[in-house]
Amino acid sequence: MGNLFGKKKQSRVTEQDKAVLQLKQQRDKLRQYQKKINLQLEKERSLAKQLLKDGKKEKALLLLKKKRYQDQLLDKTENQISNLERMVQDLEFAQIERKVIDGLKIGNECLKKMHEVMSIEEVERIMDETQDSIEYQRQIDEMLAGSLSQEDEDAVLAELDAITQRDVELPEVPSEPLPEVPEAAEKKPDSEKEQPRKKPEREMLSV
């Protein structure tokens with residue numbers, strides 16, 4: 001049967017990590033050994049004092065010789081611990097350097113890909129176009145802000161007048177004949193003309 005759970009995940013623990021772990025374990029064992037020897041030395045020192053009190057000088061001297069030898073072992077143990085700690089620090093620092101180098105490598109590859117996509121000529125072209133656009137926008141801003149010279153103002157007004165005259169369209173002349181103007185009111189018939197007013201009879205008699 002195939003692997004039902006897919007491929008086994010790759011462990012993130014490197015050989016350097018394992019080496020650092022082993023060195024730390026050895027350092028810790030040496031420190032435990034130091035503690036054990038120190039306890040024995042304290043006991044032997046107390047025992048040597050008791051032997052001297054009891055008048056057993058030779059046994060006390062032999063015990064002190066043994067203690068001296070153990071002191072030398074402690075010195076050697078301390079040197080070994082120092083060496084192990086220095087080695088651990090060197091390995092840990094080497095791991096940091098390796099990560100830095102890996103990061104630089106990845107960054108360098110990314111830069112190379114970007115350089116392949118965009119050449120120096122392409123960058124210069126884009127920069128030139130950008131500068132032209134900025135300059136054009138600046139000119140527009142200055143125009144809108146009313147910072148034109150009198151000569152520019154006159155040129156703009158002249159262009160506006162030319163555009164206005166060109167775009168003006170005269171109304172079309174009607175093709176149909178114009179309607180006739182109505183004549184003055186017709187003359188009234190003679191019968192309708194105002195008759196002279198007759199004088200009253202009294203006026204006639206008086207005449």
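As the structure is a computational prediction, the values presented were derived from the model and not from experiment.

## Brief notes about the overall build of the protein
A count of helical and extended segments in the protein gives 5 helices and 0 strands. In the protein, the succession of helices and strands from N to C terminus is α-α-α-α-α. Expressed as a percentage of its 207 residues, the buried residues of the protein come to 10%. Long-range contacts, defined as pairs at least 24 residues apart, comprise 71% of the intrachain contacts of the protein with a sequence gap of at least 6.

## Here we look at helix α2 (residues 57-117)
Counted at 1.5 Å a residue, the expected span for α2 with its 61 residues is 90 Å, and the 90 Å between its end C-alpha atoms agrees. By the burial criterion, the buried members of α2 are A60, L63, K67, Q70, L74, T77, I81, L84, V88 and Q95. As for α2, its buried residues are in contact with α1 (15-53).

## A few points about the pattern of salt bridges
Under the defined criterion, the tally for this structure stands at 11 salt bridges. For E85, the salt bridge is made with R31, and the minimal N-O distance between the two is 2.1 Å. Here E85 is found in helix α2, whereas its partner R31 is found in helix α1, with 54 residues between them in sequence. Look at E85 and you get partly exposed, because its relative accessible area is 25%. Here E122 ties to R125 by a salt bridge, and the two come within 2.6 Å at their closest N and O atoms. Placement of both E122 and R125 in helix α3 (residues 120-144) is noted, with a separation of 3 residues, approximately one turn of the helix. By sharing partners, the salt bridges in this structure join E122, R125 and E129 into a single network.

## What about the confidence of the model for the protein?
For the protein, the average pLDDT comes to 76, and 73% of its residues sit at 70 or higher. Here helix α5 (residues 201-206) stands out as the least confident element of the protein, with mean pLDDT 47; α2 is the most confident, with 86. In this model residues 203-207 is a low-confidence stretch, pLDDT under 50, and it forms 1 contact with partners more than four residues away in sequence or in other chains.

## Thoughts on the layout of surface pockets
By volume, the largest pocket is sized at about 220 Å³. As for the largest pocket, its lining consists of T14, Q16, D17, L91, A94, Q95, R98, K99 and D102. Those elements giving two or more residues to the lining of the largest pocket turn out to be α1 and α2. By residue number, the principal contributor to the lining of the largest pocket is α2, which donates 6 residues. Split by residue class, the lining of the largest pocket holds 2 nonpolar, 3 polar and 4 charged.

The rules behind each value
- Residues numbered from 1 in each chain as written.
- Predicted model: local features only at pLDDT ≥ 70, side-chain atom pairs only at ≥ 80, totals over all residues.
- Heavy atoms only, no water.
- Helix = DSSP H or I, 4+ residues; strand = E, 2+ residues; numbered from the N terminus.
- Buried < 20%, exposed > 50% of the residue type's maximum accessible area, 1.4 Å probe, protein only.
- Contact = heavy atoms within 4.5 Å.
- Expected span 1.5 Å × (residues − 1).
- Salt bridge = Lys/Arg side-chain N within 4 Å of Asp/Glu carboxyl O.
- pLDDT = per-residue confidence, 0-100.
- 1 Å grid on protein atoms, 1.4 Å probe; cavity = no way out; pocket = protein on both sides within 12 Å on 5 of 7 lines; lining within 4 Å.
- Points joined across faces, edges and corners; volume = space filled by probe spheres on them.
- Nonpolar A, V, L, I, M, F, W, Y, C, P; charged D, E, K, R; others polar.

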